[in-house]
Amino acid sequence: MELVKAIFKNRPNRFIAEVEIDGKEEIAHVPNTGRCKELLIEE
């Protein structure tokens, strides 16, 4: 599996995240149904 850097926008439910990749809004699967604090890095 290839990791892709994205900007987190929103998490409408525990399995879906709205992200921005290369300037486009995309929907991504979130395998971790818990808190994402450990995964998100503020820039």
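See the structure shown above.
Residues numbered from 1 in each chain as written. Predicted model: local features only at pLDDT ≥ 70, side-chain atom pairs only at ≥ 80, totals over all residues. Heavy atoms only, no water.

Draft legend 1. Highlighting the overall build of the protein. Of regular secondary structure, the protein possesses 0 helices and 3 strands. Counting only C-alpha atoms, the protein reaches 25 × 20 × 20 Å along its principal axes. By residue count, 9% of the 43 residues in the protein fall in the buried class. Accessible surface, the protein as shown: approximately 4100 Å² in total, 54% of it carbon and sulfur. (Helix = DSSP H or I, 4+ residues; strand = E, 2+ residues; numbered from the N terminus. Buried < 20%, exposed > 50% of the residue type's maximum accessible area, 1.4 Å probe, protein only. Areas by Shrake-Rupley, 256 points an atom, 1.4 Å probe, with all protein chains shown as cover.)

Draft legend 2. Here's a closer look at unusual backbone geometry. Even without being glycine, Asp22 reaches a positive phi, approximately 50 degrees. Relative to the assigned elements, Asp22 resides in the loop between β2 (16–21) and β3 (24–29). Taking relative accessible area as the criterion, Asp22 reaches 78% and is therefore assigned exposed.

Draft legend 3. Summary view of the sheet that holds β2. What the 3 strands build is an open sheet, ordered β1-β2-β3; its pairing is antiparallel. Pairing within the sheet leaves two strands with one partner each, and these edge strands are β1 (7–13) and β3. Between one strand axis and the next, the sheet turns by 30 degrees as a mean value, whatever way the strands run. Bridging between β1 and β2 involves 4 bridges; their strand directions are antiparallel. Within the sheet, the bridge partner assigned to Phe8 lies in β2 and is Val19. (Pairing = 2+ DSSP bridges. Axes fitted to C-alpha atoms, helices over the stretch in contact; angles between N-to-C directions.)

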